[in-house]
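Close look at the chain arrangement
Spelled out, the chains give:
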Amino acid sequence: MKLKIDGKETQVQPGTSILGAAQAMGVLIPRYCYHPSLSVAGNCRICLVEIEGAPKLVTACSTPCAEGMSVLTTSEKVRAARRDVLEFLLINHPLDCPICDQAGECGLQDYYMEHGLHKSRFPQADKVRRHKRRDVGKYLVLDNERCILCTRCVRFCEEVTKTGELCVRERGDRSYIDLKPGSRLDNDYSLNIADICPVGAFTSADFRFKKRVWFLERTASVCAGCATGCPIEVHHRDNIVYRLMPRPEEGFPAWLCDEGRMTCKSLRAPGRPAAAFCEEGNLKPAAGLRFAASRLGKLKPEQVAIFGSPFMSLEDNLALAELAAAIGTKNFCLHFSTEPGIKDGILKNTDHSPNSRGLALIHAVYGGYTREQFSERLASGEVRFVLGRNEEVKAALAAAKTDIPSSVFSFSDEPAPGRACVLPAASHFESDCLFINYAGRLRRARAAVKAPEGVLPVWQAADRIASMLGAPIRLETRAAVLERLKAKIPELAAAPLSDDKAEFELK
Amino acid sequence: MAEQILLKHKVVSLDGYKASGGWTALEKATRMEPAAIIDEVKKSGLRGRGGAGFPAGLKWSFIPKDSAKERYVVCNADEGEPGTFKDRELIRMNPYLLIEGMAIAGRAIGAKTGYIYVRGEFAREAALLEKCIGEAKVAGFLGEKLFGSGFSFDLHVHKGAGAYICGEETALLESIEGRRGQPRLKPPFPAVEGLFACPTVINNVETLAAVPAIIEKGGAWYAGIGAGKSTGTKLFSISGPVKKPGVYEAELGIPFKTFLEEYAGGMADGKKLKAVIPGGSSTPVLTAEEAMNARLDYESLAAAGSMLGSGGIIVIAEDTCMVDALLVLARFYHHESCGQCTPCREGTGWTEKVLRRFEEGGAGPGDADLLLSISNNMVGRTICPLADALAMPVISFITKFREEFDAHAAGNTCRMGRK
């Protein structure tokens, strides 16, 4: 159907809201209670627009477009309504922006500058006081005084997580958001509430008071917390990652799970090695690689086992596969069996690894043992040295009921006692790398921060070790790794791996 | 006194109701085509008695004919508007009239179930209705296959929990469904998606109680009573310093002057009339002169700048302080705002706070204009009319009695002798 918005003609599908139609034209109608992924509440009244000929202003979020309608979004009536709604919203607001974490990304601040700019007509002493700093869940703090009662949080818990922890209590200007009796906000997606809260009522207990948001730099990346591979934005500054936020991408909901958001915590975990911990003591990362190479160099090829991982990138696993081939050992494993799928109907995957599909592609080309066979190989006594990711080597050795000297790559603070050498490795927050998610979609993690000095991604470490062994695999640069991936893996032959923007999905 | 339709008989038993001619309209309705019942109600010109005055027959005709869903008749007996107490009186006088009216409405729209949503404070009236419904079921006036027809109808009483907002029809539906009582966005209207997301007709007690007489005697007969488009009789509840405050049934169109003098006995204690709120506390106030020249019907009161509303007439005498009276209203609407929409949630409280300054000292010269500005910023910008229900009195009180507000703001003693 056709209609006019601010005098310009547009065409929309029947059922489109005025707000939606305007947005498609690039006209952003202010909103607080409206959220594209939640039901329409129509309570904040900031999105009031004028329909020519209609006696009253209507809410753009809840009013469907009608044929021939002429909508005004900037008429004097509309601007007055926005100003008045803002005034109403602010009279009982504490105006504590200087100590509020929402400052800088606050709907009240933004719209006041754009639509309000009125002088206060309300005495400070008359403000309604409410609870502040309420501990309402593992990751959230609630300030009822800052709340504008848009009910996005209540609807999120009812409609998305279906856990229904929240409700509105009392009436009128005594209303406040509260936990239902006996409940706490400890669902798997609670931090989304801090995101969708348009003001500083719900803030992240973790991010609170850490950094002013206008200082944050933003890097588009993906979450490696499970096989779903959600699009994220890494917010960082001065080489510190402060928070992970969901990033809009076609095919993904607007959310991020709490577990995924916390994956950046491992970066600066106190136990994360920045040096190589070897039998000989702590070495610089490069010296650690030399140590590992010297141990490998003393063994026959079959005595060396190489262990790929679905928790490591396509690049890392390819380099390990190439290293195994260069050494000439048959004792390697690039296998992982999993049955991935969204387990909670939202985002969380039954498969916790970000790259099992990617690993399978490499396994199909390079072969190697399955995990079960590999366990037998480890138990056979032939293998004298293992190279792989810390957590998995540990698990594999435990399963094989054996202890073999090993050199492990560590991305996190997971303890690695008894290993011959722990090699620090750059994570996906610190190096550009690729995963393939459970649905076969190529996922691009981008380096947001720098790894500690000398710490390399696994693919580069593998390349160095191969060179030190005199069996170079020629993967000095990432471009070379991507070329090798395209050359070796038929499914990726046509994939735009080096084009940072291009999307790709396995057939 | 003119024609009495609603308060004609004080009925205390099922037998008494039968003796007064009860159930004949329902029996007739079970033999009528549903469309014919709706036509008759349309012909009667009966308009909603809850306050909005929407034509009842038209409302019934909005129920989709082809919907496979269940349909419901809901009676709004959540009478909570200050100054309005006529539904309670009607239920006390003749609860069967409402029950019969609901069954006829059910027949008209194809509903098998009805709910009477009774204000929580009306505990005795709810018990009375439950008792009468129980008797009617035993006697076969409610239940399966009424009067040997294929029409079955059952009624339930649902008690409110003390929120004025549940008198707003969609908040009422939310409340029956067990949710927080707050108005829904419209559309969809209840006729399409009402109770339990099914087509629903919601009418006021008085509206439904008028239906049996219309079916029995015909829409044309009913339309012959009243004035113009305001057909029939109306219950008026009059309060304030009058000799005989109470509930009276009068023909629509009766001059206020006649009603005040002949029904309510005139002003008490020789007091002089100052102002009248004609249709429940949310309707704009009229000056004594405006009121004395007005007739009590939908059109006349609209022309006078107010509304017939629920027919709750609040009489204000010259010794009443208008600032004080408005503060009472503001306190009520502040207390009862559901808090959903920003302008109402914040505006009602703000209005009360400013009015307190007038009463307790501290109001400045700009505060009367501030009140007008707050009200103008509330009007027409919310989901339901509760914001307007405070804004309209504020605007009319200040516009018509400005000097009293200015005197308070200037720090003078209230002319009524209050501080």
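Residues numbered from 1 in each chain as written. Chains lettered and ligands numbered in written order. Predicted model: local features only at pLDDT ≥ 70, side-chain atom pairs only at ≥ 80, totals over all residues. Heavy atoms only, no water.

1. Points about the overall build of chain B
Counting secondary structure elements, chain B contains 19 helices and 13 strands. Radius of gyration (C-alpha) of chain B: 22 Å, near the 22 Å computed for a compact globule of 419 residues. The dimensions of chain B, computed from C-alpha atoms along their principal axes, are 75 × 45 × 35 Å. Considering only residue pairs separated by 6 or more positions, chain B has 71% of its internal contacts joining residues 24 or more positions apart. Between the averaged position of the 49 positive side-chain charges in chain B and that of its 50 negative side-chain charges there is a distance of 1 Å. (Helix = DSSP H or I, 4+ residues; strand = E, 2+ residues; numbered from the N terminus. Rg over C-alpha atoms; globule rule 2.2 N^0.38 Å. Contact = heavy atoms within 4.5 Å. Lys, Arg positive; Asp, Glu negative; His and termini not counted. Charge placed at Lys NZ, Arg CZ, Asp CG, Glu CD.)

2. Some remarks on the sheet that holds strand β10 (residues 202-204) of chain A
Strand order in this open sheet of 3 strands is β6-β7-β10 (chain A), and the pairing throughout is antiparallel. Only two strands of the sheet have a single partner each, and these edge strands are β6 (134-135) and β10 of chain A. (Pairing = 2+ DSSP bridges.)

3. What to know about unusual backbone geometry
The phi torsion of most residues other than glycine is negative, and most of the peptide bonds are trans. The omega torsion across B:K186 and B:P187 is -5°, close enough to zero to call that bond cis. Following the sequence through the fold, B:P187 ends up in the loop between α8 (169-176) and β4 (200-204). Cis geometry marks the peptide bond from B:P187 to B:P188; its omega dihedral reads 0°. Within the secondary structure, B:P188 is located in the loop between α8 and β4. Despite not being glycine, A:L149 has its phi angle at roughly 60°, a positive value. As for its position among the elements, A:L149 is in the loop between β7 (140-142) and α4 (152-160). Exposure remark for A:L149: the relative accessible area of 5% places this residue in the buried category. Phi at B:F196 takes a positive value of approximately 50°, unusual for a residue other than glycine. Along the polypeptide, B:F196 turns up in the loop between α8 and β4. Taking relative accessible area as the criterion, B:F196 reaches 38% and is therefore assigned partly exposed. (Buried < 20%, exposed > 50% of the residue type's maximum accessible area, 1.4 Å probe, protein only.)

4. Structural notes on the layout of surface pockets
Residue and element names in this part refer to chain A. Of the voids in this model, the second largest pocket is the one considered here, and its volume is about 1,300 Å³. Forming the walls of the second largest pocket are 49 residues, and the residues nearest its centre are H35, R152, D195, I196 and M245. Its residues assigned to classes, the lining of the second largest pocket comprises 24 nonpolar, 10 polar and 15 charged. Each of domain 1 (2-88) and domain 2 (124-210) gives at least three residues to the lining of the second largest pocket. (1 Å grid on protein atoms, 1.4 Å probe; cavity = no way out; pocket = protein on both sides within 12 Å on 5 of 7 lines; lining within 4 Å. Points joined across faces, edges and corners; volume = space filled by probe spheres on them. Nonpolar A, V, L, I, M, F, W, Y, C, P; charged D, E, K, R; others polar. Domains from an automatic or database assignment.)

5. Some words on the pattern of salt bridges
Pairing between side chains of opposite charge can happen when the charged atoms of each approach one another. The full count for this structure, using the stated rule, is 66 salt bridges over all chains. A:R218 serves as the salt-bridge partner of A:E233, at 3.8 Å between the closest nitrogen and oxygen. Remark: A:R218 occurs in strand β11 (residues 217-222) and A:E233 occurs in strand β12 (residues 231-237); sequence separation between them is 15 residues. Among the residues examined, A:E233 registers a relative accessible area of 23% and is labelled partly exposed. A salt bridge links B:D319 to B:K271, with the shortest nitrogen-to-oxygen separation between them at 3.1 Å. With a gap of 48 residues between them, B:D319 in the loop between β13 (312-317) and α15 (322-336) and B:K271 in the loop between α12 (256-263) and β10 (273-277) connect regions that are remote in the sequence. Exposure remark for B:K271: the relative accessible area of 30% places this residue in the partly exposed category. In the salt-bridge network here, residues are joined through shared partners; they are A:D96, A:R129, A:K132, A:D143, A:E145 and A:R146. (Salt bridge = Lys/Arg side-chain N within 4 Å of Asp/Glu carboxyl O.)

6. Observations regarding the domain arrangement of chain B
Residues and elements named next belong to chain B. Domain annotation of chain B identifies domain 1 (14-224), domain 2 (227-317) and domain 3 (322-409). The straight-line distance from the C-alpha centre of domain 2 to that of domain 3 is 23 Å. Contacts between the two partners involve 13 residues from domain 2, matched on the other side by 11 residues from domain 3. Interface of domain 2 and domain 3: buried area, both sides summed, is about 960 Å²; carbon and sulfur atoms make up 69% of it. In this structure, the connection of domain 2 to domain 3 is made through 2 salt bridges. Across the salt bridge formed by K400 and E290, the nearest N and O atoms sit 2.9 Å from each other. Across the contact surface, domain 2 and domain 3 share 6 residue pairs in polar contact (both at pLDDT 80 or more). Among the elements of the structure, β10 and β11 (286-287) are those that each provide at least two residues to the side of domain 2 that touches domain 3. (Buried area = accessible area lost by both parts, 1.4 Å probe. Polar contact = N/O pair within 3.5 Å; in protein donor to acceptor, adjacent residues only side chain to side chain.)

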